[in-house]
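Listed here are the chains, written in short residue letters.
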2 protein chains.
Amino acid sequence: MPRLYWEDFSVGHVAEYGPRLVTADEIKAFAAEFDPQPMHLDEEAARASMIGGLCASGWHACAIMMRIIADGFILDCASMGAPGCEEVKWIAPLRPGDRVNVRASVLDRRASKSRPEMGFVKFRFDMFNASGTPVMRLTTDLMLKRRQSVGAGAP
Amino acid sequence: MPRLYWEDFSVGHVAEYGPRLVTADEIKAFAAEFDPQPMHLDEEAARASMIGGLCASGWHACAIMMRIIADGFILDCASMGAPGCEEVKWIAPLRPGDRVNVRASVLDRRASKSRPEMGFVKFRFDMFNASGTPVMRLTTDLMLKRRQSVGAGAP
């Protein structure tokens, strides 16, 4: 049973999740399946590229971020998904051996006008490596069930 | 050797790539690794959820889109990556058995002020299923090498 509902997130709430170690093997496996560009797939080719060495696909970074926040809190939430992201920024290469954390910050919270049983919580997720360098950032509205939604009208 | 450079993409250029078949097995495998929410992981739990049946993680949809455009044209490009996405929209559930295509549209093109060897091409990528329903959309600036960059100054 979910433990966290829309009401449980207030603007200004900040939490940090992780760490997760990123390995060369998983970078190459993800790339082979979804993003087979040389800098994600092969150390030799990556060294010759402008990025100077193997780094994860930006979509792999997003997927790793998702797993960190899923384990961190989403799996405890009455989650109803997300309509998308306002912004995704790939700031620095995600490298083999990086140990990353994700900081979740609540930027905004609003009820749904059309669906009284849910609300939106706007999160910013910042991923950092162990030396504190920002690796990526994204902003998204999570849709969450309202705790007091049963039988309630729109607020 | 790359075949396509920054100069080869003009505003208004549109191309379509795919199709790619999405299977229940790959939806569940991606979810188990990156987004283990019930609607992505298990048919039974997904049927009981508000989404009414198994569907791919939004990040899986992004990764599938990446593979379609990689095979479609990115691997032929003098690509220098992307700084992020302006917008990602998950419009409709991506279901097992869906056969998806991606339409690439060039919205804008500009030289880099700081790096004369490259330029930006703003793409909108629209993913559709076989019945023409939009599944997702994203907008991103791809960084591409300029064909005439060798020894040239900023334009």
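Enquirer: Give a detailed account of the interface of chain B and chain A, specifying residues and quantitative values.
Expert: When the parts come together, some accessible area is lost, and that loss is often what is quoted as the size of the interface. Listed by partner, the interface residues are 32 residues for chain B and 32 residues for chain A. Of the roughly 2800 Å² buried at the junction of chain B and chain A (both faces included), carbon and sulfur atoms supply 65%. Of all residues in chain B, B:Phe34, B:Met50 and B:Trp59 give up the largest surface area on contact with chain A, accounting jointly for 24% of the area buried on that side. Scanning the region where chain B abuts chain A turns up zero salt bridges. Counting every contact that joins chain B to chain A gives 12 residue pairs in polar contact (both at pLDDT 80 or more). Of all the secondary-structure elements, those providing two or more residues to the side of chain B that touches chain A are helix H1 (24-34), helix H4 (58-72) and strand S2 (84-90) of chain B. Across four bridges, strand S2 (residues 84-90) of chain A lies against S2(B) in antiparallel orientation.

Enquirer: Outline the packing of aromatic side chains, listing residues and values.
Expert: Inspection of every chain in the model, using the stated rule, returns 18 aromatic pairs over all chains. On the basis of an interplanar angle of 40 degrees and a centroid distance of 5.3 Å, the ring pair of A:Phe73 and A:Phe123 is categorised as tilted. A residue pair is termed long-range when its members are at least 10 positions apart, and A:Phe73 in the loop between helix H4 (58-72) and S2 and A:Phe123 in strand S4 (residues 118-128) qualify at 50 residues. Taking the relative accessible area as the measure of exposure, A:Phe73 reaches 4% and is therefore buried. A:Phe123 sits in the buried class, given a relative accessible area of 1%. Connected via pairs of aromatic rings, a cluster forms that spans A:Phe9, A:Tyr17, A:Phe73, A:Phe123 and A:Phe125. Sitting over the ring of B:Phe120, B:Arg110 keeps its end group 4.3 Å from the ring centre.

Conventions adopted
- Sequence order as written defines residue numbering, which begins from 1 separately in each chain.
- Chains and ligands are labelled sequentially in the order written, the chains with letters from A and the ligands with numbers from 1.
- Where local features are concerned, this predicted model is filtered to residues with pLDDT of at least 70; where side-chain atom pairs are given and counted, the filter is 80 or more; whole-chain, interface and lining totals use all residues.
- As a rule here, side-chain values cover all heavy atoms of the structure and leave hydrogens and water aside.
- Contacts are residue-level and defined by heavy atoms, with any inter-residue pair within 4.5 Å sufficient.
- Accessible area that two parts lose when put together, evaluated with a 1.4 Å probe and summed over both, is termed the buried area.
- By convention in these notes, a salt bridge is any Lys or Arg side-chain nitrogen within 4 Å of a carboxyl oxygen on Asp or Glu.
- Any pair of N or O atoms that falls within 3.5 Å is considered a polar contact. Within protein, one atom must be able to donate a hydrogen and the other to accept it, and sequence-neighbouring residues count only if both atoms are side-chain atoms.
- Helix and strand definitions follow DSSP, with helices as H or I runs of at least four residues and strands as E runs of at least two, each counted in order from the N terminus.
- Strand pairing is assigned whenever DSSP detects at least two bridges linking the two strands.
- Pairing of aromatic rings covers Phe, Tyr and Trp, the last counted by its six-membered ring, and requires centre-to-centre distances within 6.5 Å; plane angles under 30 degrees mean stacked, over 60 mean edge-to-face, and any other angle means tilted.
- For the exposure calls, accessible area comes from a 1.4 Å probe over protein chains only, and a residue counts as buried if that area is under 20% of its type's maximum, exposed if over 50%, partly exposed in between.
- Look at NZ for Lys and CZ for Arg. If either is within 6 Å of the ring centre and within 35 degrees of the ring normal, a charge sits over the ring.

Structural measurements only, silent on function.
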